[in-house]
Amino acid sequence: MDIAQITETLRQDAVTVVFFNVLLQQLGLPVPAVPTLLLAGSLAATSGSLGQVLAAAVVASVLADWLWYWSGKVFGYRVLAGLCKLSINPSSCVSQTEARFIRWGISSLVVAKFIPGFSTVAPPIAGALRMSQAGFLLAAGVGAALWAGAALGAGWLLQDAVQSAIAALDRHAARALLVVLVLLAVWLGWKLWQKYRFRKFCAVPHVTPAELLAALDSDTPPLVLDLRGATMIAATGPIVGARVAEHDFLHEAVGDWPKDRPIVTLCACPEDAGAVQAARHLLNAGYLSVKPLKGGYEAWLASRALPQ
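I will try to describe carefully the structure that is included in this document. If you're wondering where the values come from, they're calculated on a predicted model, not measured in any experiment.

1. Side note on helix H11 (residues 209-216)
Pro209, Leu212 and Leu213 are the residues of H11 that are buried. Down the axis, H11 shows its buried residues gathered within 100° of arc, on one side only. Exposed residues lying more than 90 degrees from the buried face of H11 are Ala210 and Ala214.

Shown next, in the form of structure tokens:
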């Protein structure tokens, strides 16, 4: 379907197109909705038709958020761990997003749509943390209205500019497609470069679960920093003897710990991303021995299940 056909389809039934586009995007599919909202806003004949499109976008967004909310409520931290594994850059760990969500509270849902990545993670976190459904739906609705309203309003106010841009794209469709493909390749290359850099960043000495167990029985046991999110800790229980810590408050967590004493960081992230980040941060702060646990929480559980 070319640009002219898309424009004609939107002109004939903008409500349906916007509803399904927003729904699919908010469910996590790579189908950007903002360009559709801009175009729909520019094509709206009256403020009444603009209001109908806005209502469709809000309903679709809240419906997708509600489905994510219930997935978090039913499956808890497993949904968050799955979302974390889907990230191209594993250093952006869900537990860090979750910690910020807990601090910001319900207001974070109002701005979630404007923060890439956070929009998908916030609803299941709200469900896993057992946030009130009424409060969640209200905040999600306000956030969706602000997000969709901004895009539709921009299209409405800049009708001539948007239509001129669409006409130019239609005349140079092949060139525009080439530009899009080049930009996509550059973006993907940048993300893969980030992942490569992170793998080099991960090249720090790790400690195995067996080594940690032996160290805990020694005369100078290490301080274990549990960097898992509150949802996972609530679902699986705390680690005996470990100190719960957040990435944004690492210094507070180790403030009473001598810099020459060993520290082990532990998370439930792909490639031990959060534990490596915390270890690097503390080493840069002057702590002499900080090592991430190899395999994270799952490896810790498996080692505890083995006969001692």
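2. What to know about the pairing of strand S3 (residues 263-266)
Here S3 shows no split at all, with Ile263 and Thr265 on one side and Val264 and Leu266 on the other all buried. Across 3 bridges, the pairing between S3 and strand S4 (residues 290-292) is parallel. Each bridged residue has a counterpart across the sheet, and for threonine 265 the counterpart in S4 is proline 292.

3. Here's the deal with the sheet that holds S4
Sheet strands associate in pairs through backbone hydrogen bonding, adopting either a parallel or an antiparallel arrangement. Ordered in space as S2-S1-S3-S4, the 4 strands form an open sheet in which the pairing is parallel. Each edge of the open sheet is held by one strand with a lone partner, namely strand S2 (243-244) and S4. The pairing of strand S1 (residues 223-226) with S3 spans 4 bridges and is parallel. In the strand pairing of S3, aspartate 226 is matched with leucine 266.

4. Considerations on the pattern of salt bridges
Counted by the stated rule, this structure contains 3 salt bridges. Residues aspartate 226 and arginine 228 are paired through a salt bridge, measuring 2.8 Å at the closest nitrogen-oxygen approach. Relative accessible area serves as the criterion here: at 0%, aspartate 226 is assigned to the buried category. We classify arginine 228 as buried; its relative accessible area is 4%.

5. So, the nonpolar core
Counting residues in each nonpolar core, the largest one holds 18 residues, and the members touching the most others are Leu225, Leu250, Val254, Ile263 and Leu282. Counting residues per element, the ones that place at least two in this core are S1, helix H13 (250-253) and helix H14 (273-284). Per element, the largest residue contribution to this core is 5 residues, and it comes from H14. In this structure, leucine 282 is in contact with Leu225, Leu250, Val254, Ile263, Tyr287 and Val290, ignoring residues within four places of it in sequence. Ranked by size, the runner-up nonpolar core spans 17 residues in total, among them Val22, Ala33, Ala44 and Ala64.

6. Some points on the packing of aromatic side chains
The final tally for this structure, using the stated rule, is 4 aromatic pairs. Taking 6.3 Å as the distance between ring centres and 70° as the angle between the ring planes, the aromatic pair formed by tryptophan 66 and tryptophan 70 counts as edge-to-face. In this pair, tryptophan 66 and tryptophan 70 both sit in helix H3 (residues 47-75), 4 residues apart, roughly one turn of the helix. Accessibility expressed as a relative area gives 32% for tryptophan 66, which makes it partly exposed. For the pair tyrosine 69 and phenylalanine 136, a centre-to-centre distance of 4.5 Å together with 25° between the ring planes defines the contact as stacked. Taken together, the positions of tyrosine 69 in helix H3 and phenylalanine 136 in helix H8 (residues 133-157) put the pair 67 residues apart, joining distant regions of the chain.

What counts, and where the lines are drawn
Residues numbered from 1 in each chain as written. Predicted model: local features only at pLDDT ≥ 70, side-chain atom pairs only at ≥ 80, totals over all residues. Heavy atoms only, no water. Buried < 20%, exposed > 50% of the residue type's maximum accessible area, 1.4 Å probe, protein only. Helix = DSSP H or I, 4+ residues; strand = E, 2+ residues; numbered from the N terminus. Arc of directions from axis to C-beta. Pairing = 2+ DSSP bridges. Salt bridge = Lys/Arg side-chain N within 4 Å of Asp/Glu carboxyl O. Core = buried A, V, L, I, M, F, W, Y, C linked by side-chain atoms within 4.5 Å. Contact = heavy atoms within 4.5 Å. Phe/Tyr/Trp six-rings, centres within 6.5 Å; stacked < 30°, edge-to-face > 60°.

In short, the description is geometric, and any link to function would need to be established separately.
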